[in-house]
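Spelled out, the chains give:
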Amino acid sequence: MSGIATGRGNDGGLQQADTAVAPVSGGPAVQLPTAFGVFTARAWTDAATGVEHLSITSPVPWAQAPLVRLHSECLTGDVFGSYRCDCGEQLDQALALIAEQGGTVLYLRGQEGRGIGLANKIRAYALQEAGADTVEANEQLGLPVDARDYGAAAAILQAMGLGVIRLLSNNPAKRDMLAGLGITVTEMVSSEVPSREHNRRYLQTKRDRMDHRLSLLEDNPVTQS
């Protein structure tokens, strides 16, 4: 049964985004069999923008807060397996973890390239190949370093009854923005995957200039308890 959820929260988090909890409507829940296990999938539509998102869920034991990954759409990483970023491997990691522990991946569409869009992301790649880092490339294009908005994500979590979560992320700004939107994050769970030759500078920039919690492990996969 579809429904509409909305709410209000304080602005907060990433300074580039002016965020409020957005009204969303959810469609039917269906089974989604995958290589990682069988999940429950549900599409959600942001009433203000028309952007469609997807929740992918596995049952959670009652004794713990659910593990939640807010995964921004990344065509190059998620679909084509690009090693310029860590997105595709983080998505695989998240699906494996929620299959094991229970929880939800929110796949947030319209957030390609931290919200600048696919074409601009490729333009930013060209500038990176000319020597800019990921922050400088966006700035040279006259674009925000991070333009993502988590208002719809917070509304979806609220509609799913997930007001208290463990957040699978290396980015404290996501936690802070969710807190400003009424979502309590009890724990930050690392989503770090091994760095590669092709994305090492990108990850170093996220660590050093964007405050991501990264140790840049190269050889050994990161494990979560």
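Given the structure is predicted, the values throughout are model-derived calculations rather than measurements.

What counts and what doesn't
- Residues numbered from 1 in each chain as written.
- Predicted model: local features only at pLDDT ≥ 70, side-chain atom pairs only at ≥ 80, totals over all residues.
- Heavy atoms only, no water.
- Core = buried A, V, L, I, M, F, W, Y, C linked by side-chain atoms within 4.5 Å.
- Buried < 20%, exposed > 50% of the residue type's maximum accessible area, 1.4 Å probe, protein only.
- Helix = DSSP H or I, 4+ residues; strand = E, 2+ residues; numbered from the N terminus.
- Contact = heavy atoms within 4.5 Å.
- Phe/Tyr/Trp six-rings, centres within 6.5 Å; stacked < 30°, edge-to-face > 60°.
- Lys NZ or Arg CZ within 6 Å of the ring centre and 35° of its normal.
- Salt bridge = Lys/Arg side-chain N within 4 Å of Asp/Glu carboxyl O.
- Expected span 1.5 Å × (residues − 1).
- Arc of directions from axis to C-beta.
- Polar contact = N/O pair within 3.5 Å; in protein donor to acceptor, adjacent residues only side chain to side chain.
- pLDDT = per-residue confidence, 0-100.

Trainee: Quick question: what am I supposed to make of the nonpolar core here?
Mentor: Soluble globular proteins tend to bury their nonpolar side chains together. Leu70, Leu106, Tyr150, Leu157, Ile165, Leu167 and Leu178 are the most contacted members of the largest nonpolar core, which totals 24 residues. Only strand 5 (67–72), strand 6 (103–108), helix 6 (151–159), strand 7 (164–168), helix 7 (172–180) and strand 8 (184–189) provide two or more residues apiece to this core. In contact with Leu178, other than residues within four places in its own chain, are Leu70, Ala154, Leu157, Ile165, Leu167, Ile183 and Val185. In terms of nonpolar packing, the next biggest core, distinct from the first, is built from 12 residues, Leu67, Leu91, Ala94 and Leu97 among them.

Trainee: Help me understand the packing of aromatic side chains, please; the structure alone is not making it clear to me.
Mentor: The way to describe two aromatic rings as a pair is by their centre distance and the angle between their planes. Considering all chains together, one arrives at zero aromatic pairs under this definition. Directly above the ring of Tyr125 sits Arg84, whose terminal nitrogen or CZ lies 4.0 Å from the centroid.

Trainee: Can you walk me through the pattern of salt bridges in this structure?
Mentor: Should the charged atoms of two oppositely charged side chains come close, the side chains can pair. On inspection of all chains with the given rule, the structure shows 10 salt bridges. The salt bridge partner of Lys121 is Glu112, with a shortest N-O separation of 2.4 Å. The residue Asp133 makes a salt bridge to Arg209 at a minimum N-O spacing of 3.0 Å. Of this pair, Asp133 sits in the loop between helix 4 (118–129) and helix 5 (134–140) while Arg209 sits in helix 8 (residues 200–209), placing them 76 residues apart in sequence. By sharing partners, the salt bridges in this structure join Asp133, Glu136 and Arg209 into a single network.

Trainee: Teacher, can you tell me more about helix 4 here?
Mentor: In an α-helix, one full turn covers 3.6 residues, which means residues spaced three or four apart are oriented alike. Given a rise of 1.5 Å per residue, 12 residues ought to cover 16 Å, and the 17 Å separating the end C-alpha atoms of helix 4 matches this to within 8%. Inspection of helix 4 places Lys121, Ala124, Tyr125 and Gln128 among the buried residues, and these make up the whole buried set. Looking straight down helix 4, one finds its buried side chains confined to an arc of 105 degrees; they lie on one side. Contact partners of the buried residues in helix 4: helix 1 (75–79), helix 3 (112–115), helix 5 and helix 8.

Trainee: So what exactly am I meant to see when it comes to the environment of Gln158 here?
Mentor: Mapped onto the secondary structure, Gln158 falls in helix 6. Along the backbone, Gln158 and Ile183 are 25 residues apart, and their C-alpha atoms lie at a distance of 7.8 Å. A distance of 3.2 Å separates the side chain of Gln158 from the backbone oxygen of Leu181, its partner in a polar contact.

Trainee: What should I look at first to understand the side chain of His71 in this one?
Mentor: Within the fold, His71 resides in strand 5. Residue classification places His71 among the buried positions, given a relative accessible area of 1%. Within the structure, the side chain of His71 is placed 3.4 Å from the side chain of Arg69, a separation counted as a polar contact. Not counting residues up to four positions away in its chain, the partners in contact with His71 are Asp78, Cys87, Gln90, Leu91, Val105, Leu106, Tyr107 and Leu108.

Trainee: For this particular structure, what's the right way to read the confidence of the model for the protein?
Mentor: In the predicted model, the protein carries a mean pLDDT of 87, and 87% of its residues have values of at least 70. Residue range residues 219–225 is modelled with pLDDT below 50. Its contacts to residues more than four positions away, or to other chains, number 11 contacts.

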